[in-house]
Amino acid sequence: VTYEDGVTVVEFTKLLKEEGEHEILADGDNTFLWAVGSSNAVGYHAARAQFTLDFKTTAPAPTPPTPDAPIPAAPTPDAPTPAAPTPDIATTDGADLNCPSELTQLTTLNEDPALNLYTAVVLSPTSDSESILCARLEYDSEAWVGFGI
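Bear in mind that the values here come from a model prediction, so they are computed numbers and not experimental data.

A. Region of interest: the state of the cysteines. According to the stated counting rule, one finds 1 disulfide in the structure shown. Disulfide pairing is shown between cysteine 99 and cysteine 134; the S-S distance is 2.0 Å. Linking cysteine 99 and cysteine 134, the disulfide has an S-S dihedral of approximately -95° and is accordingly described as left-handed. Highlighted residues: cysteine 99 in the loop between strand E5 (89-91) and strand E6 (104-106) and cysteine 134 in strand E8 (residues 132-139), separated in sequence by 35 residues. When its relative accessible area of 32% is taken as the criterion, cysteine 99 is described as partly exposed. Look at cysteine 134 and you get buried, because its relative accessible area is 1%.

Next comes the structure, spelled out in structure tokens:
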């Protein structure tokens, strides 16, 4: 957990499948919880909610346009429709199960616009028990932040 420039950040990596733990599905509904406090002292939640997330079907938040970005041309009638963006799910050769440097921002936590969730799932080709969830929560204030699986 870090606090810098007015933002509290929680980052973690979790195996998708561990003995004695709830399994996190790379393809299927997962129920998570988030909570934030009103200060750095752990106490009662200032805000909290439960949410469901399927890493294969939840679309990431749209990237806001920059003022200098060119306006994209309208598609021609015979042009293929671009695919919708999907969350970051990567497969490795099993030798390197590290989180990517950039995580996908998801729109799931709109209940509190000050709380942003970024995720990636890294799948191991050899074993589900070696696949990992990479997550980063950013809260636009100084407070304790919790995340439950």
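B. Local environment of the sheet that holds strand E3 (residues 30-36). Read across the open sheet, the 3 strands follow the order E4-E3-E9; overall the sheet is antiparallel. If you trace the sheet from one side to the other, it starts and ends with strand E4 (47-53) and strand E9 (145-148), each paired once. Taken pair by pair, the neighbouring strands of this sheet meet at an average axis angle of 15°, ignoring direction. Note that E3 and E4 share 7 bridges and pair antiparallel. Paired with threonine 31 across the strands is threonine 52, a residue of E4.

C. Representation of the environment of aspartate 128 within the structure. Mapping aspartate 128 onto the fold places it in the loop between strand E7 (115-123) and E8. It is 9.5 Å that separates the C-alpha atoms of aspartate 128 and alanine 26, two residues lying 102 residues apart in sequence. For aspartate 128, the contacting residues outside a window of four places in its chain are Leu16 and Lys17.

D. Examining the pattern of salt bridges more closely. Tallying each qualifying case throughout the model produces 3 salt bridges. Its salt-bridge partner being glutamate 138, residue arginine 136 comes within 2.6 Å of it at the nearest N-O pair. Taken together, the shared-partner salt bridges connect Glu11, Arg136 and Glu138 into one network.

The rules behind each value
- Residues numbered from 1 in each chain as written.
- Predicted model: local features only at pLDDT ≥ 70, side-chain atom pairs only at ≥ 80, totals over all residues.
- Heavy atoms only, no water.
- Disulfide = S-S within 2.5 Å.
- Helix = DSSP H or I, 4+ residues; strand = E, 2+ residues; numbered from the N terminus.
- Buried < 20%, exposed > 50% of the residue type's maximum accessible area, 1.4 Å probe, protein only.
- Pairing = 2+ DSSP bridges.
- Axes fitted to C-alpha atoms, helices over the stretch in contact; angles between N-to-C directions.
- Contact = heavy atoms within 4.5 Å.
- Salt bridge = Lys/Arg side-chain N within 4 Å of Asp/Glu carboxyl O.

Nothing here speaks to function; it is all geometry.
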